[in-house]
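# Breakdown of the fold
Listed here are the chains, written in short residue letters.
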Amino acid sequence: MSFDTIIVNGRVVTATDTYASDIAINDGKVSAVGKSLPRENAGKIIDAGGKYVFPGGIDVHTHLDMPFGGTTSADDFETGTRAALLGGTTTVVDFALHTRGDSLHNALKTWHGKADGKACGDYAFHLTIADGRDETMNEIPKIINEQGVNSFKVFMAYKHVLYVDDETIFKTLQACRDAGGLVQVHAENGDVIEVITKEALAAGNTAPVWHARTRPVECEGEATHRAIRLAEIAGAPLYVVHVSSAMAADMISDGRKRGLPIYGETCPQYLVCDTEDYLRPDFEGAKYVLSPPIRDKWNQSVLLRKLKNMELHAFGSDHCSFNLCGQKELGRHDFSKIPNGAPTIEDRLAILYHVGVNGGVISPNQFVALGATNPARLFGLFPRKGTIAVGSDADIVVWDPNQTRTISAKTHHMNVDNSVFEGMTVKGRPRYVFSRGLKVADGDTFTGRKGYGKFVPSDKFYPVLV
Ligand code: URP
Ligand code: ZN
Ligand code: ZN
């Protein structure tokens, strides 16, 4: 027996099991899992003694090279996927933006053009839906069957930009139900937010904190409830992205108690940032201008408990980076003009591990389930991605649970001048990262290459137990 690479002495952790084992890699796939695999003919031997061996993370919520808020997100497919790999995320699923009146096919073509030849790590796509025209709805089955995209996001917020009405949402739910797609929803009441925002600005309230004050939690709760009811009427599954509050998470729990196939995602910023951050001086509060906004601190422990109890099922980053200098600054005198989003792709897993596992709330298996396996299952990438098994892609993270790191924009690898986690010390970080058998990260050093990342087609959605 000969192996390209063999990872020895580690403790393998999947969503369901933890065991001591070696892992062998051939031609970019896991070729053997077992104790004391023969080492004589191994090309490379990686010692994972004292470390965990996790499947590579899957981040199903990224916005790379995305035009938004009058500018374009600061990380493109090269810098974004490189930072992702260094943080232990080997596959990202990015949102290709559909434009009203145009075809979904064109949106996808544009996004392939952004990623192809640039991405350092593997990627898949979701599509957003900008209109409910028959042409758009009729394209959904073709996109699912021929283009390897199984999920479609509708926005209930961002009036006049990405916002769509209930009719469009309902039609998208019906089309996805029939074709094997999963609808994702950004659940905030965009109409109400529009009114309150105008009132705040008219009263001279322009500072970043008004972003949160004009997007009250009830806007998220109401929209989440409405989206779930629309899915219930349509008989369709639904995935609620970036759940920020206990109120919205409770709506998902209620839906699931009624037996509905509703899935929820939360993100690292909602576990460690809170409303006080908007009050930071010198416009630093603008870093936290993202939607739904950061909530009062008490929500953090509720979200974490929901992750533990699998009432929320996936942990995405919602990475959408903008520089303070030159980008967030667009809204220095008007909070509604601050581009929405934060850089989180690199630190997603470290935050979940630190707060969740070190905090004694979730197990290492749940960490894997939330950060890799459930996302892979929901978005049609499993078992090629999201687990360690013979035949799966050798996307593997050797994780050192004892290494600490202080997060800072000065040292992170994202192409952006700020971090919403600035100064936070986290314990646990990747020691080595492999993408399809290639060592792409060695500690803090990127050892992969631009253009190595490949498009990974998603299978059709089927209701999964996560
Ligand atoms: O503020 C955010 N979340 N920006 C990215 C777009 C979105 O709504 O996901
Ligand atoms: Zn959103
Ligand atoms: Zn997003």
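Whatever comes next refers back to the structure up there.
Computed from a prediction, not measured in an experiment: that's the story for all the values here. (Residues numbered from 1 in each chain as written. Chains lettered and ligands numbered in written order. Predicted model: local features only at pLDDT ≥ 70, side-chain atom pairs only at ≥ 80, totals over all residues. Heavy atoms only, no water.)

## Points about the nonpolar core
Basically, it comes down to this: For our purposes a nonpolar core is just a set of buried Ala, Val, Leu, Ile, Met, Phe, Trp, Tyr and Cys residues, chained together by side-chain atoms within 4.5 Å. For each residue, the accessible area found with a 1.4 Å probe, counting protein chains only, is set against the maximum for its type, and the residue is called buried under 20%, exposed over 50%, and partly exposed in between. We count a stretch as a helix when DSSP gives it H or I for four or more residues in a row; a strand needs E for two or more, and each element gets its number in order from the N terminus. Residue contacts are defined here by distance: any two heavy atoms, one from each residue, within 4.5 Å place the two residues in contact.
Counting residues in each nonpolar core, the largest one holds 111 residues, and the members touching the most others are Phe54, Leu127, Ile140, Phe152, Leu173, Leu238 and Phe367. Sort the elements by how many residues they give to this core and helix α11 (residues 348-358) lands first, with seven residues. Beyond its immediate chain neighbours, meaning those up to four positions away, phenylalanine 152 contacts Leu104, Leu127, Ile129, Ile140, Ile143, Ile144, Thr172, Cys176, Leu182, Val183 and Gln184.

## Things to note about the sheet that holds strand β6 (residues 57-62)
Stated precisely, the cut-off is as follows: In this scheme, strands are said to pair when DSSP sees at least two bridges between them. Note on geometry: axes are lines fitted to C-alpha atoms, helical ones only across the stretch in contact, with angles between N-to-C directions running from 0 to 180 degrees.
Judged by pairing direction, the sheet is parallel, and its eight strands sit side by side in the order β6-β9-β10-β11-β12-β13-β14-β15 without closing on themselves. Whereas interior strands pair on both sides, the edge strands pair on one side only; in this sheet they are β6 and β15 (314-315). One ladder, built from three bridges, connects strand β13 (residues 238-240) with strand β14 (residues 262-266); its direction is parallel. Paired with valine 240 across the strands is glycine 264, a residue of β14. Lying on the sheet, helix α7 (residues 217-234) is in contact with β12 (182-186), β13 and β14; it crosses β13 at an angle near 170 degrees.

## Some details on the coordination of the zinc ion (ligand 3)
Keep this limit in mind: Metal-coordinating donors are taken as N, O and S atoms lying within 2.8 Å of the metal, or within 3.2 Å when the metal is Na, K or Ca; because water is left out, some sites can appear incomplete. The rule is simple: four donors are tetrahedral if all their angles sit between 85 and 135 degrees, four are square planar and six octahedral if opposite donors span more than 155 degrees and the others lie between 65 and 115, and anything that fits none of that is irregular.
Within the first shell, the zinc ion (ligand 3) binds the protein through His61 (NE2), His63 (NE2) and Asp318 (OD), at distances of 2.0 to 2.1 Å. One way to put it: the four donor atoms around the zinc ion (ligand 3) meet at angles of 89 to 133 degrees, and that makes the site tetrahedral. Site description for the zinc ion (ligand 3): donor spacing in sequence, H-x1-H-x254-D. In this structure the zinc ion (ligand 2) is found 3.9 Å away from the zinc ion (ligand 3). Placement of the pair is histidine 61 in strand β6 and aspartate 318 in the loop between β15 and α11, with a sequence separation of 257 residues. On the basis of relative accessible area, histidine 61 is assigned to the buried category, the value being 0%. Owing to a relative accessible area of 8%, aspartate 318 belongs among the buried residues under this scheme.

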